[in-house]
Amino acid sequence: MSDMRLVVVGAAGRMGRMLIRAIDQADGCTLVAAIERPGSAALGEDAGILAGLPASGIKVTSDAAAAFASADGVLDFTAPDATVAFAKLAADAGILHVVGTTGLEPTHLAELAEAAKRTPIIRSGNMSLGVNLLAALVRKVAATLGTDWDIEIVEMHHRMKVDAPSGTAVLLGEAAAEGRAVDLAQQRVAGRDGITGARQAGTIGFAALRGGTVVGDHKVIFAGAGERLELAHVAEDRSLFAQGAVKAALWGRGREARLYSMADVLGLDAL
Ligand SMILES: NC(=O)C1=CN([C@@H]2O[C@H](COP(=O)(O)OP(=O)(O)OC[C@H]3O[C@@H](n4cnc5c(N)ncnc54)[C@H](OP(=O)(O)O)[C@@H]3O)[C@@H](O)[C@H]2O)C=CC1
Ligand SMILES: O=C(O)C1=N[C@H](C(=O)O)C[C@H](O)C1
């Protein structure tokens, strides 16, 4: 089979550069375009150079529609509104859309679900094997323990991160809620401050720390009476997210139009 032709949108971002490198290192795929927004200082730059590689001959452009027309898939770690716009363009072009963008609101998710009726979309708040395995463990533990065990999710990220709680924290919260057979939206408590009153049984709490260059730390705490169970994941290098995204793209090639998760890609659904 010919190499899968991939486009990276948000190519000059922290993850965009990692994705260009991950494509370069992987077998079975080739970078065919690199996209940034109109007016970006990165336009015209060589995508390889941008990513710390030898020149690739691929210049960063802002014409996503033209790029998608001659590609098989797009890797998208950008921002919520941009991701929705790219989802429509990817569906128009009939190419696979891998979405790592976080901070998506229900309206964004509804738009992605609509686009996924026309083309496959693989979306995850975290593309690493470790976090997706952790989510499966959290689901099991939450299903096993009663609501006399309080669930709190603590995350820390670098100072440049713009959304909170992190997409991973939300993913882990959803896993805990699934385990308890409840709706996370009804149980979610984030950003306590001031006289909050005592903790309500059954709620799932989120705390977000920001600072320095932390790649991504997540801890799920099950706090019972007199004992505590803590499950944690530490991401040491963003390249693992990029490698996960490339793995997802190769897995998703030729799949039917629908929304997939990283658990689908990694075969963790049965856990
Ligand atoms: N799922 C996962 O495994 C992971 C997800 N993430 C998520 O990925 C996203 C990006 O993170 P990160 O790389 O650190 O952020 P950056 O801000 O470094 O990169 C985002 C890039 O997308 C660009 N962009 C934004 N809007 C558009 C647009 N309309 N068209 C083209 N390019 C656009 C930005 O350009 P500009 O600067 O001009 O706005 C920027 O270059 C975040 O939501 C983050 O949480 C990060 C790591 C792992
Ligand atoms: O913005 C980041 O950096 C990260 N974002 C993702 C998230 O919101 O969980 C994944 C990872 O933790 C890094």
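Residues numbered from 1 in each chain as written. Chains lettered and ligands numbered in written order. Predicted model: local features only at pLDDT ≥ 70, side-chain atom pairs only at ≥ 80, totals over all residues. Heavy atoms only, no water.

## Focus on the site of ligand 1
Selection rule: Definition of nearness: a residue and a molecule or strand are near each other if at least one heavy atom of the residue lies within 4 Å of the molecule or strand. Two N or O atoms count as a polar contact when they lie within 3.5 Å, although within protein this holds only if one can serve as hydrogen donor and the other as acceptor, and sequence-adjacent residues are included solely when both atoms are side-chain atoms. The accessible surface values rely on the Shrake-Rupley method and a 1.4 Å probe; as for residues, cover is taken only from the protein chains in view. The secondary structure listing takes helices from DSSP runs of H or I that are at least 4 residues long and strands from runs of E that are at least 2 residues long, numbered from the N terminus. For this classification, Asp, Glu, Lys and Arg are treated as charged, while Ala, Val, Leu, Ile, Met, Phe, Trp, Tyr, Cys and Pro are nonpolar and the rest, including Gly, are polar.
Around ligand 1 sit 21 residues, and of these M15, E36, R37, T102 and K161 come closest. At 2.5 Å from an oxygen atom of ligand 1 is found a side-chain nitrogen or oxygen belonging to T102. Separating an oxygen atom of ligand 1 from a backbone N or O atom of M127 is a distance of 2.9 Å. In isolation ligand 1 has 920 Å² of accessible area, and contact with the protein removes 77% of it. Breaking the shell around ligand 1 down by element, the ones donating at least two residues are helix 1 (14-25) and helix 4 (80-93). Counted by class, the shell around ligand 1 contains seven nonpolar, nine polar and five charged residues.

## Brief notes about the pairing of strand 11 (residues 228-235)
Applied cut-off: When DSSP locates at least two bridges between a pair of strands, those strands are taken to pair.
The pairing of strand 10 (residues 216-223) with strand 11 spans eight bridges and is antiparallel. When the sheet's bridge partners are listed, A223 is paired in strand 11 with R228. Hairpin connection, strand 10 to strand 11: the antiparallel pair is bridged by four residues, and G226 has positive phi, about 85°.

## A closer look at helix 6 (residues 129-144)
Filter applied, for reference: Here a helix's expected span is defined as the number of its residues, less one, multiplied by 1.5 Å. For each residue, the accessible area found with a 1.4 Å probe, counting protein chains only, is set against the maximum for its type, and the residue is called buried under 20%, exposed over 50%, and partly exposed in between. What makes two residues a contact is simply this: any of their non-hydrogen atoms within 4.5 Å.
A rise of 1.5 Å per residue sets the reference length of helix 6, with its 16 residues, at 22 Å; its end C-alpha atoms lie 23 Å apart and thus fit the reference within 8%. Taken together, the buried positions of helix 6 are occupied by V131, N132, L134, A135, A136, V138, V141 and A142. Where helix 6 is buried, its residues meet strand 7 (150-157), helix 7 (167-180), strand 10, strand 11 and helix 10 (262-266).

## Things to note about the packing of helix 6 against helix 7
What counts is decided by this rule: Fitted lines through C-alpha atoms serve as axes, helices being fitted only where they are in contact, and the angles separating the N-to-C directions of these axes extend from 0 to 180 degrees. An angle below 35 degrees is read as roughly parallel, one above 145 as roughly antiparallel, one from 65 to 115 as roughly perpendicular, and any other as oblique. Put simply, a crossing is left-handed when the front helix is turned counterclockwise from the back one by less than a right angle, and right-handed when it is turned clockwise.
Relative to each other, helix 6 and helix 7 sit at 30°, their axes nearing to 7 Å. As the angle between them shows, helix 6 and helix 7 are arranged roughly parallel. Along this stretch, helix 6 crosses helix 7, giving a crossing that reads as right-handed. Taken together, the residues of helix 7 that come into contact with helix 6 (itself represented by V131, N132, L134, A135, V138, R139, A142 and A143) are T168, L171, L172, A175, A176, E178, G179 and R180.

## Focus: the packing of aromatic side chains
The criterion, for reference: When the centres of two rings from Phe, Tyr and Trp lie within 6.5 Å, Trp using its six-membered ring, the rings pair. Their planes under 30 degrees apart give stacked, over 60 give edge-to-face, and anything left gives tilted. Working rule: Lys NZ or Arg CZ, within 6 Å of ring centre, within 35 degrees of ring normal, means a charge sits over the ring.
Inspection of every chain in the model, using the stated rule, returns two aromatic pairs. Judged by centre distance (6.2 Å) and plane angle (50°), the rings of F68 and F86 are tilted. With F68 in helix 3 (residues 64-69) and F86 in helix 4, this pair connects stretches of sequence that are 18 residues apart. Taken individually, F68 and F86 each receive the classification buried, so the pair is uniform in this respect. When the ring of W251 is compared with that of Y260, the centres are 5.2 Å apart and the planes differ by 80°; the resulting orientation is edge-to-face. Since its relative accessible area comes to 21%, W251 is described here as partly exposed. Lying across the ring of F206, R188 places its NZ or CZ 5.4 Å from the centre. In this structure, R255 packs its charged tip against the face of W251, placed 3.8 Å from the ring centre.

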